[in-house]
Amino acid sequence: MSEKAGVSDRYPTASPWPVFVALGFALTELGLFLGAFPIAVGGGLLFGGSVAGILTEADYVSHLWRTTAYMGVALVIAGAGLMALGGQFDLGVLVDSIDRPNVAGHRLLSRGLAIATAGVMLIATGAAGQFGRHPTA
């Protein structure tokens with residue numbers, strides 16, 4: 001029997017992931033609001049990777065890289081939905097929506113493109129992490 005009642009060998013520790021989830025979400029929203037494409041994509045990467053990390057740490061999922069890729073798929077679907085609402089898929093219009101995101105007709109398109117780009121990058125990161133591992137000896 002233990003001398004100290006209620007004290008275990010494992011002490012709970014604070015997780016850093018919630019801060020990064022909130023920061024990623026805030027950066028994504030700030031980038032989308034201001035029309036800053038790189039900030040929106042970087043925030044989406046931070047958000048998606050942090051959500052995958054917090055789910056893995058909490059033992060809701062068992063594979064970090066696979067969850068990262070799934071988060072990317074979710075972002076691609078959300079971004080494609082916004083792009084479909086924007087209505088234009090011409091390459092020139094897509095590039096123009098990155099340069100001038102707050103012009104009428106480009107708002108949903110540029111935001112959807114930023115979210116979908118972050119999703120594609122998360123899918124690539126998840127695939128590289130999943131299949132790029134070397135077996136340990």
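Scroll up to find the structure this text is about.
So, a few notes on the structure that sits alongside this text. Bear in mind that the values here come from a model prediction, so they are computed numbers and not experimental data.

Next up on the list: the overall build of the chain. When its secondary structure is counted, the chain shows five helices and zero strands. Along its sequence from the N terminus, the chain presents helices and strands in the succession α-α-α-α-α. When the 137 residues of the chain are sorted by exposure, 31% land in the buried category. Pairs at least 24 residues apart make up 60% of the contacts formed inside the chain by residues separated by at least 6 positions. Carbon and sulfur atoms provide 69% of the accessible area of the chain, an area that totals close to 8,800 Å².

Ranked by size, the top nonpolar core spans 14 residues in total, and within it Met-83 and Ala-114 carry the most contacts. Within the residue set of this core, elements represented by two or more residues are helix H2 (37–57), helix H3 (64–86) and helix H5 (107–131). Per-element tally for this core: the top contributor is H5, with seven residues. If sequence neighbours within four positions are ignored, Met-83 has contacts with Gln-88, Phe-89, Leu-94, Leu-108, Leu-109, Gly-112, Leu-113 and Ala-116.

This brings us to the packing of helix H4 (residues 91–99) against H5. Where H4 meets H5, the axes come as close as 9 Å, and the angle between the chain directions of the two elements is 90°. With respect to H5, the axis of H4 lies roughly perpendicular. Only Leu-109, Ser-110 and Leu-113 of H5 make contact with H4, whose side of the interface consists of Val-93, Leu-94, Ser-97 and Ile-98. Looking at side-chain class alone, the contact of H4 with H5 contains five nonpolar, two polar and no charged residues.

So, on to the environment of Arg-107. By the secondary structure assignment, Arg-107 is in helix H5. By relative accessible area, Arg-107 is classed as partly exposed at 44%. When the C-alpha positions of Arg-107 and Phe-33 are compared, they lie 9.5 Å apart, and in sequence the two are 74 residues distant. Dropping the residues within four chain positions of it, Arg-107 is found in contact with Pro-101 and Asn-102.

Of note in the backbone geometry, Asp-59 takes a positive phi value of approximately 65° without being a glycine. Its relative accessible area of 67% is what places Asp-59 among the exposed residues.

A separate point is the packing of aromatic side chains. Two measures describe an aromatic ring pair: the distance that separates the ring centres and the angle between the ring planes. Applying the stated criterion across every chain, the model contains two aromatic pairs. An angle of 65° between the planes, with centres 6.5 Å apart, marks the rings of Trp-17 and Phe-20 as edge-to-face. Pair noted here: Trp-17 and Phe-20 are both in helix H1 (residues 17–34), with a separation of three residues, about one helical turn. The exposure class assigned to Phe-20 is partly exposed, which follows from its relative accessible area of 36%. Between Phe-25 and Phe-47, the aromatic rings sit 5.9 Å apart at their centres with planes inclined by 55°, giving tilted as the arrangement. Of the two residues, Phe-25 is situated in helix H1 and Phe-47 in helix H2; the sequence distance between them amounts to 22 residues. Judged by relative accessible area, which is 45%, Phe-25 ranks as partly exposed.

Reading guide: rules and limits
Residues numbered from 1 in each chain as written. Predicted model: local features only at pLDDT ≥ 70, side-chain atom pairs only at ≥ 80, totals over all residues. Heavy atoms only, no water. Helix = DSSP H or I, 4+ residues; strand = E, 2+ residues; numbered from the N terminus. Buried < 20%, exposed > 50% of the residue type's maximum accessible area, 1.4 Å probe, protein only. Contact = heavy atoms within 4.5 Å. Areas by Shrake-Rupley, 256 points an atom, 1.4 Å probe, with all protein chains shown as cover. Core = buried A, V, L, I, M, F, W, Y, C linked by side-chain atoms within 4.5 Å. Axes fitted to C-alpha atoms, helices over the stretch in contact; angles between N-to-C directions. Parallel < 35°, antiparallel > 145°, perpendicular 65-115°, else oblique. Nonpolar A, V, L, I, M, F, W, Y, C, P; charged D, E, K, R; others polar. Phe/Tyr/Trp six-rings, centres within 6.5 Å; stacked < 30°, edge-to-face > 60°.

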